[in-house]
Amino acid sequence: MNACLKKYKALIALLILAGLSACNKPSYPTGKIEESVLKLCKNEYKLDNVQVKVIGSTLGVYIPVEGLVSPDLKFNEKAGKKIEDVAISIHRVTTSTDMPLKFYILTARDTKTVGVEFILTGFIYDVVRVRLYDISRGEYFQRILRDFRFNPAITGEQKARELFDGLNKNSALAESLKSILYPVYIIGKPGSQKIEITDIESKELSERESLLYIKTIEAYEPSPGFEAYTAVFPPGFNNEYLFLIDLSFGNTIKEIVSKYFYSNNEIRQRNLKDTFEQYKDSGIIGIDGFPKKDLDMGWFLSQQISRRIKSIFEEDKKLKNDFKLASSQGEIKDLLFQFKFNIASNNNKAGGHKIIFSRIIKMTGTVLHLYAFEGYEGAEFINSAENEKKVYLSKKDLERFRKNEIKIEGLL
Amino acid sequence: MAFMTYRKLRMHFMEHWVKIIIGFTIIILIILSIWGMMSLESFYRKLTIAQMPISILLAGLNAGIFVFMYMIFLQGGFSKIKQTTVKGQNVNIHWEDVIGMEEAKQEALEVVELIKDRTKLSKIGGKILRGLLLVGPPGCGKTYLAKAIATEAGIPFISMSGSEFTEIFVGVGAARVRKLFKKARTLAYGHGACIIFIDELDAIGRQRTFSFMGGGQETNSTQNQLLVEMDGLQEKDYNVIIIGATNAAEGVLDEALLRPGRFDRKIYIDRPNLQEREKVFDYYLKKVKYDRDIDIGRLARQAVHKSPAEIENMIKEAALIATRNKKDIVGHKELSEAMERIDMGLKHRKHMTKEEKEMVAFHETGHLVVMYMLHPTDDVFKASIISRKEALGVVHHQPREELYTNNKEKILADIKVSIGGYVAEKTRFGTTSDGVAMDFRNVMWKAHNMVWMVGMSDAGYIGDYTIIPKFQLSESLKERLNAETDKIIKSCLKDVEDLLKKEWPIVERFVKELLEKEELEYDEIEAIFKECGKSHNCKKPA
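Cut-offs used in this document
- Residues numbered from 1 in each chain as written.
- Chains lettered and ligands numbered in written order.
- Predicted model: local features only at pLDDT ≥ 70, side-chain atom pairs only at ≥ 80, totals over all residues.
- Helix = DSSP H or I, 4+ residues; strand = E, 2+ residues; numbered from the N terminus.
- Buried ≥ 20, exposed ≤ 12 C-beta atoms within 10 Å, placed from the backbone.
- Contact = placed C-beta atoms within 7 Å.
- pLDDT = per-residue confidence, 0-100.
- Nonpolar A, V, L, I, M, F, W, Y, C, P; charged D, E, K, R; others polar.
- Core = buried A, V, L, I, M, F, W, Y, C linked by C-beta atoms within 7 Å.
- Domains from an automatic or database assignment.
- Pairing = 2+ DSSP bridges.
- Axes fitted to C-alpha atoms, helices over the stretch in contact; angles between N-to-C directions.
- Expected span 1.5 Å × (residues − 1).
- Arc of directions from axis to C-beta.
- Parallel < 35°, antiparallel > 145°, perpendicular 65-115°, else oblique.
- Left-handed = near helix turned anticlockwise from the far one by under 90°.

## Here we look at the overall build of chain B
Now for step 1: The secondary structure content of chain B amounts to 20 helices and nine strands.
Now for step 2: The 542 residues of chain B split such that 34% are buried.
Now for step 3: Restricting the contact set of chain B to residue pairs at least 6 apart, pairs at least 24 apart contribute 78%.

## Here's the deal with the overall build of chain A
Now for step 1: Broken down by element type, chain A carries 13 helices and 15 strands.
Now for step 2: Sorting the 412 residues of chain A into buried and exposed places 30% on the buried side.
Now for step 3: When contacts within chain A are restricted to residue pairs at least 6 apart in sequence, those whose partners lie at least 24 apart make up 62%.

## Structural notes on the confidence of the model for chain B
Residue and element names in this part refer to chain B.
Now for step 1: On average, residues of chain B score 81 in pLDDT, and 88% of them reach the 70 mark or higher.
Now for step 2: Contacts of residues 538–542 to residues separated by more than four positions or lying in other chains number nine contacts, the stretch itself having pLDDT below 50.
Now for step 3: Predicted complex metrics record ipTM = 0.73 and pTM = 0.53.

## Notes on the environment of Thr431(B)
All names here are of chain B.
Now for step 1: Along the polypeptide, Thr431 turns up in the loop between helix H16 (408–429) and helix H17 (437–452).
Now for step 2: Using a count of 8 C-beta atoms within 10 Å as the deciding quantity, one classes Thr431 as exposed.
Now for step 3: Note: C-alpha distance between Thr431 and Met359 (72 residues apart in sequence) is 10.0 Å.

## A closer look at the interface of chain B and chain A
Now for step 1: Each side of the interface is counted separately: chain B has 15 residues, and chain A has 17 residues.
Now for step 2: For the side of chain B that touches chain A, the secondary-structure elements that each account for two or more residues are helix H1 (2–38) and helix H2 (42–73) of chain B.
Now for step 3: A total of nine residues in the side of chain B that touches chain A trace back to one element, the largest contributor, which is H1(B).
Now for step 4: Per-class residue counts for the side of chain B that touches chain A are ten nonpolar, three polar and two charged.

## Looking at the nonpolar core
Now for step 1: Counting residues in hydrophobic clusters, the biggest one holds 70 residues, and the most contacted among them are Leu134(B), Leu145(B), Cys194(B), Ile195(B), Ile196(B) and Ile243(B).
Now for step 2: It is helix H7 (residues 172–191) of chain B that provides the largest number of residues to this core, a total of nine residues.
Now for step 3: Residues lining this core come from more than one domain, with at least three contributed by each of domain 2 (84–268) and domain 3 (274–344) of chain B.
Now for step 4: Sequence-distant contacts of Cys194(B), defined by excluding residues within four places in its chain, comprise Ile155(B), Pro156(B), Ile158(B), Ala184(B), Leu187(B), Ala188(B) and Val240(B).
Now for step 5: Listed in part, the 55 residues of the second largest apolar core include Ile361(A), Leu368(A), Val391(A) and Leu393(A).

## Regarding the sheet that holds strand E15 (residues 389–394) of chain A
The strands making up a sheet associate through hydrogen bonds between their backbones, and the pairing can be parallel or antiparallel.
All names here are of chain A.
Now for step 1: The strand order across the open sheet formed by four strands is E12-E13-E14-E15, and the pairing between neighbours is mixed. Of all strands in the sheet, those bounded by a partner on one side alone are strand E12 (323–333) and E15. Taken over all neighbouring pairs, the strand axes of this sheet differ in orientation by 15° on average, direction set aside.
Now for step 2: Where E12 lies against strand E13 (residues 336–345), ten bridges are found, and the strand directions are antiparallel. Directly across from Ile332, in E13, lies its bridge partner Phe337.
Now for step 3: Where helix H10 (residues 297–315) meets the sheet, it contacts E12 and E13, and its direction lies at approximately 170° from that of E12.
Now for step 4: Helix H13 (residues 395–402) rests against strand E14 (378–383) and E15 of the sheet, and its axis sits at about 95° to E15.

## Comments concerning helix H2 (residues 33–45) of chain A
Residues and elements named next belong to chain A.
Now for step 1: Given a rise of 1.5 Å per residue, 13 residues ought to cover 18 Å, and the 17 Å separating the end C-alpha atoms of H2 matches this to within 8%.
Now for step 2: All of the buried residues along H2 are Ile33, Ser36, Val37, Leu40 and Cys41. Looking down the long axis of H2, one finds its buried residues gathered within 130° of arc, a one-sided arrangement. Summarising the geometry of H2, the exposed residues directed more than 90 degrees from the buried face are Glu35 and Asn43.
Now for step 3: The secondary structure elements touched by the buried residues of H2 are strand E1 (51–55), strand E2 (58–65) and helix H3 (77–95).
Now for step 4: Among the residues trailing H2, Lys46 stands out with phi positive, at a value near 55°.

## Regarding the packing of H2(A) against H3(A)
Residue and element names in this part refer to chain A.
Now for step 1: Close contact between H2 and H3 brings their axes to 9 Å; oriented N to C, the two are set at 135°. It follows from the interaxial angle that H2 and H3 lie oblique. By crossing handedness, the relation of H2 to H3 is classed as right-handed. Contacts from Ile33, Ser36, Val37, Leu40, Cys41 and Tyr45 in H2 reach Asp85, Val86, Ser89, Ile90, Arg92 and Val93 in H3.

## Things to note about the pairing of strand E3 (residues 157–161) of chain B
On a regular strand, one side chain projects to one face of the sheet and the next to the other, so that they alternate.
Residue and element names in this part refer to chain B.
Now for step 1: Buried residues dominate E3, accounting for four of its five residues.
Now for step 2: Across five bridges, E3 lies against strand E4 (residues 194–199) in parallel orientation. Bridge pairing links Phe157 to Ile195 in E4.

## Some words on unusual backbone geometry
What is expected of a backbone is that most residues other than glycine have negative phi and most peptide bonds are trans.
All names here are of chain A.
Now for step 1: The omega torsion of the bond from Tyr182 to Pro183 falls at 10°, within 30 degrees of zero and hence cis.
Now for step 2: You can see Pro183 is positioned in the loop between helix H7 (172–176) and helix H8 (184–187).
Now for step 3: Backbone geometry places Lys46, a non-glycine residue, at a positive phi of 55°.
Now for step 4: For Lys46, the position within the fold is in the loop between H2 and E1.
Now for step 5: For Leu73, which is not glycine, the phi dihedral falls at a positive 60°.

## Considerations on the environment of Leu520(B)
Now for step 1: The residue Leu520(B) is located in strand E9 (residues 519–521) in this model.
Now for step 2: Not counting the four nearest positions on each side in its chain, Leu520(B) is found in contact with Lys382(B), Ala383(B), Glu513(B), Leu514(B) and Ile525(B).

## What to know about the sheet that holds strand E5 (residues 145–150) of chain A
Residues and elements named next belong to chain A.
Now for step 1: Spatial strand order, E1-E2-E3-E4-E5: five strands in an open sheet with mixed pairing. Only two strands of the sheet have a single partner each, and these edge strands are E1 and E5. Recorded for the sheet is a direction-independent mean angle of 15° between the axes of neighbouring strands.
Now for step 2: H2 contacts E1 and E2 of the sheet and is inclined by roughly 155° relative to E1.
Now for step 3: Helix H4 (residues 124–131) contacts strand E3 (103–110) and strand E4 (116–123) of the sheet and is inclined by roughly 70° relative to E4.

## Quick notes on the environment of Gln275(B)
Residue and element names in this part refer to chain B.
Now for step 1: As for its position among the elements, Gln275 is in helix H11 (residues 274–285).
Now for step 2: Of the residues examined, Gln275 has 12 C-beta atoms within 10 Å and is grouped as exposed.
Now for step 3: Sequence separation of Gln275 and Ala300 is 25 residues, and the distance between their C-alpha atoms is 7.8 Å.

## Notes on helix H6 (residues 152–168) of chain A
Now for step 1: Look at H6(A): 24 Å from first C-alpha to last across 17 residues, which is about the 24 Å you get at 1.5 Å a residue.
Now for step 2: Every buried residue belonging to H6(A) is among Pro152(A), Ala153(A), Ile154(A), Thr155(A), Gly156(A), Glu157(A), Lys159(A), Ala160(A), Leu163(A) and Leu167(A), and all of these are buried.

Okay, structure coming up:
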């Protein structure tokens, strides 16, 4: 009997060991991440137009969606379901891989209404934690970044193309832009001009502004008396333009700058490329729908905290009553967090500024502590509604404030 | 061969079918679980594995609660018996290990032969042995002998104690007997035979009582079931041999148990005799490191009436004492101390005045000298004035060999030894202490019995007068008998007084030694007597 029991035990132990060793293999190994996401989306959710790209430790997923928003710009439920399916596929792959991925970023872009996009950004360890019930679902939703917006770069690009199309049709618009689109509409025979875009580069300057650097090839027939210009601008010459796009501006195209201009009886030119390079791109998603670079924890936390600031003053009934939040932005530069917000007291409540800063600093300290984030030296909090009132705390002080070892009165 | 293998496999299945089905189910479940796990994504696999310890813990807790509730409320567990089932060869106690009971061993050997040759016996129509009863005092190796029988016969051995059958609920004991025999029959089916050993059989084998109040009903029903199982109407006769062990007298057991067909053979296992004790000492001493100069014969003589278990205990105790004394081997001193500790109890020194101590020394010396000079059968092994239990001093003596009768000379010598303490006290101090109370009780009891019971008076009174009611005896007879008793005591007193007066220097010498050393061992006592020219080598232990 004992021998029999020993055999049973040995067999059971063997089975368990075999099972456990088999369990060690990741379901989606490194090198097959893109393929795995595509396969899951296609096989399980019937989505075959998904594109995937890994940039460093960030998984970028792009899906074009027809009718992401309705004509009245309301979010479409059906499109939402598709995004959810892709997000589930991303979660499944990123949690069951041995690849050291940190972030995922999902971009869903409307194919009908140009420029409308939904971006979902998340930290993969947060997905693991919520699945392990280590953090609540409420906390998880605070941790992911959801942006539903018009992409100023894409909208600008579209507008630029429409503009050049219009020019080529010899519209009245071309006549009105003669002086700006120098020189073909000055030296060319009406109706002979044709401008072809060869390259567009764009930069997001803010949530609503973008800067486009456009290269063109321009063909024309010289107007009588302008034949000599063909020596300087031979038909089919290369030209460049800078377009400043502002979505809040009526015509969207706020400013156009041409490479060539005529001044003091001579033809001059500007270095537009250098000018373009001088501007910083604040956008995360490129025209192709993928992140422009690998995401980092500092940036992710700055964005998350700026959104949390919004939610504090918008979701807490009492705070919403007492204060008015106009904006909230966050960034990290040279290891320094900067949170700029516009929160005003509705009824000039006494000590209102203390409440604002106290709540924001406390929340910031807690978030950074929860992520055990060490890659910063301090944080700056600026309230533009209070004459740019600024509070700076070093990393150590932020932690002390979180532990109630520093009072807000000492900071203001 | 194939048939036996088939029978063994079938027996194995019959016996363990629940375990086999559970084991098989567990394996299938594990395979299914692993299959299921493999179909999970690695995150969920890891999650499941991580949760396994707590899941197992919770499952164990739930199972524990369920079993507890089941045992408490559904009674399913009350009749469950904890049987110690072992294969004969695994018992691993052989004939050569059974020592100190040569006669019992011979009888048991016959039983083994009978068990082995039952097929032959059945063929010639002989009656198959059913039960074997081992009777004897505790610690004499009844269980040991039963185990040796199991080993030699090479058949399974189920051991239970009689008390394991008894329960407060009526019927539980009987259910346990049924289960026990069912198991034994299954084993007998597979192995050809099976031994059930019931230790302390008297717990369920006492004579049945019939009370109108219903008392003893549980014991009765347990015993009835045992009787039925042993020789009742069974569908098929299996080779199940029951060995019972008890230290109760035969009359205590129910007659139905002892009739042929049940415990039809009895083996008496008594305490070992001198030769057997020597073997026992030799056997157990080999298990410890001991001084090769130890005289095993002397130890055996010293350990008269001791059971093998007591001897084993003595040697273990000696080993402990040796360890405590930081000695590598067990010597005679440790064995002597162990025996003394077992026989006389632990020493605990009482604070006595010098006079008291001197009185005790004279008292014990009185016993010692009389014992040495006059006792025909006993040897003095030790004299001590260290208090133990209630006694302030002691003279340890043992008969040189087993004596099962006492003659007149021995009893008179016993009386004189008892009086010795009194005489020594009176001679030295002119007064006596109450330390003589127990001695006088012995003296009176023995002298009285000599006259009243066993016809040992010089006046020639024969017969046991104690069985006649006192009022039927004439006053004059009683007076004469008592006068004889008195005469014996006085005669002994005179002899002792004469002896001690004559040997007073020896007495004083022993007192001096005792006061100095507090204890005198056999060798020291013998040396002093030798020194005084009184040694009698004829009485000297080997």
